[in-house]
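Fold and geometry: a report
Below, each chain spelled out in residue letters.
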Amino acid sequence: SIKKGSRRKARKQFLYQPLMGMAAVFLMFVLSVNLCTPVAKAFSNVPFLREMTKAVVFSKSLKAALENDYVQDVYLTQTKDGVTIEITSMIVDKQELTVFYRLISEQYDGLAAHWIVYGDNGIPYNILPENKEQLKEEMRYETFIFDKDGMPEKMRLAMVVWNAGTYLEDVQRGLVSESDEMVGLEDAYQITDFEIELELNLAQIPEVMTYKLNQDIELDGQKYTVTNIEIYPTYMNMNMVADEKNTATLVYLHFYVENENGEIFGDNRGRGERNGKFVAFAESPYFYDGNIEKVVITGAEWMEKGKEKTYVNLTTGEVRNLPENIEMKEIRLDEGNYDLMFEVQYLRKMDFKTGDPFGLKFWFIPSEFYYDAEEKQYSGEVRWNVETDEKQCLVGESGEYEIRITDYPYEEVWLMNYYSHVWNADKEVSVTIK
């Protein structure tokens, strides 16, 4: 109904076809929810509107894509072990697939899901899932990010469904520590699993809109050339090439893009620098009026060469190459296992809702991998303890995490780092788009 209500053709004809009046109502509903926070909160308390409210309040790019009918309808359903999954529609782009679905059960309250995408050869894709689902709402969506070669026409979605409602109750009762969230929780609370064959219409994806730039910039003493910006319906990317003399590689870039109407499109992820090339992704202006005018860079996370791993001596407590905002607090020996305790000062990026240049707190979830002197990889357990408010935003200035080193025969260990240091621009770096 939301999709039909947003079609331009429907908006033009509703005066002549009385039944189309309902479409206009739905369109006004969509706009009201997204432009007025009090309206959204009020609607969310009305049972039959709650699902629609949650379905339309999400990223700027996906909202614009739906309003402009950039969606592929599909209806796939399966029922198993008291749970029904319904996949209702998809948004398909060059490197991104967004699946809209429902999890329905009369037996369980508070379901959550974990997805894996397989190709025809049975090998899982190396994708980056962006999990935005809400545990207690029926309408959910999940975005899968593929590599630069794009996605296949056919794929197999594997989904594991687990009982997040019971997990939260166990946390409140003290039966499970909330910091155990990433330690085999799906196995402990798993209800069922599904496998769904998905076929995409890749011919629907339009040609990319490209802005050629070839502008040189300097970020925290490191030099790059911004070659171009590519715009797709649900995302845009900015391509950069590093100078060979740089002493650090770019892990994550904080930036925003502004069009000639003053509308802001924020960064939403980065891939990390590979072979001297970096791709920074942002929300898409594809369905918005006005050309983009400038890119403003506000900060970055870096990996200094030679600091890719943290060294820890489990016997003496010596530590080298920890990221600058992380501090080792304690090493505990427990029945032959080592628990390494850390405190992490939160990082900050631009909060686009308030305009605060570095007002949004975040942190990188640490890796569970560690290595010996021969670079053999081991997998341990990572637990963390953070305080959040009712909106799931970080509270305070720091959080804690620990890594458990198990069945490890050596006294020296190396931990994987995602970055080495952080840079917040004292003066914004702008790239003008002509």
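Coordinates for the structure precede this section.
The present account deals with the structure reproduced in this document. (Residues numbered from 1 in each chain as written. Predicted model: local features only at pLDDT ≥ 70, side-chain atom pairs only at ≥ 80, totals over all residues. Heavy atoms only, no water.)

1. Describing the pattern of salt bridges
For the structure shown, the criterion picks out 15 salt bridges. Salt-bridge contacts for Lys-80 lead to Asp-193; the nearest nitrogen and oxygen are separated by 3.2 Å. Taken as a pair, Lys-80 in strand S1 (residues 72-80) and Asp-193 in strand S8 (residues 190-199) lie far apart in primary sequence, 113 residues in all. Accessibility expressed as a relative area gives 35% for Lys-80, which makes it partly exposed. The closest approach of N and O atoms between Glu-86 and Arg-102, which form a salt bridge, is 3.6 Å. Here the residue Glu-86 occupies a position in strand S2 (residues 83-92), and Arg-102 occupies one in strand S3 (residues 96-104), the gap between them amounting to 16 residues. Arg-102 matches Glu-86 in its accessibility class, with the two residues each being buried. Overlapping salt bridges, with partners in common, bring together Asp-334, Asp-339 and Arg-404 in one network. (Salt bridge = Lys/Arg side-chain N within 4 Å of Asp/Glu carboxyl O. Helix = DSSP H or I, 4+ residues; strand = E, 2+ residues; numbered from the N terminus. Buried < 20%, exposed > 50% of the residue type's maximum accessible area, 1.4 Å probe, protein only.)

2. Remarks on the packing of aromatic side chains
Applying the stated criterion to the full structure yields 19 aromatic pairs. Residues Tyr-378 and Tyr-408 carry aromatic rings whose centres are separated by 5.2 Å and whose planes lie at 85° to one another, so their mutual orientation is edge-to-face. You can see Tyr-378 sitting in strand S23 (residues 377-379) and its partner Tyr-408 sitting in the loop between strand S25 (398-405) and strand S26 (412-416), a full 30 residues away along the chain. The pair Tyr-378 / Tyr-408 is uniform in exposure class, with both members buried. Three or more aromatic residues joined by ring pairs make a cluster, and in this case those are Phe-342, Tyr-346, Trp-363 and Tyr-401. Its end group placed over the ring of Phe-265, Lys-60 keeps NZ or CZ at 4.7 Å from the ring centre. Its end group placed over the ring of Tyr-371, Lys-309 keeps NZ or CZ at 4.7 Å from the ring centre. (Phe/Tyr/Trp six-rings, centres within 6.5 Å; stacked < 30°, edge-to-face > 60°. Lys NZ or Arg CZ within 6 Å of the ring centre and 35° of its normal.)

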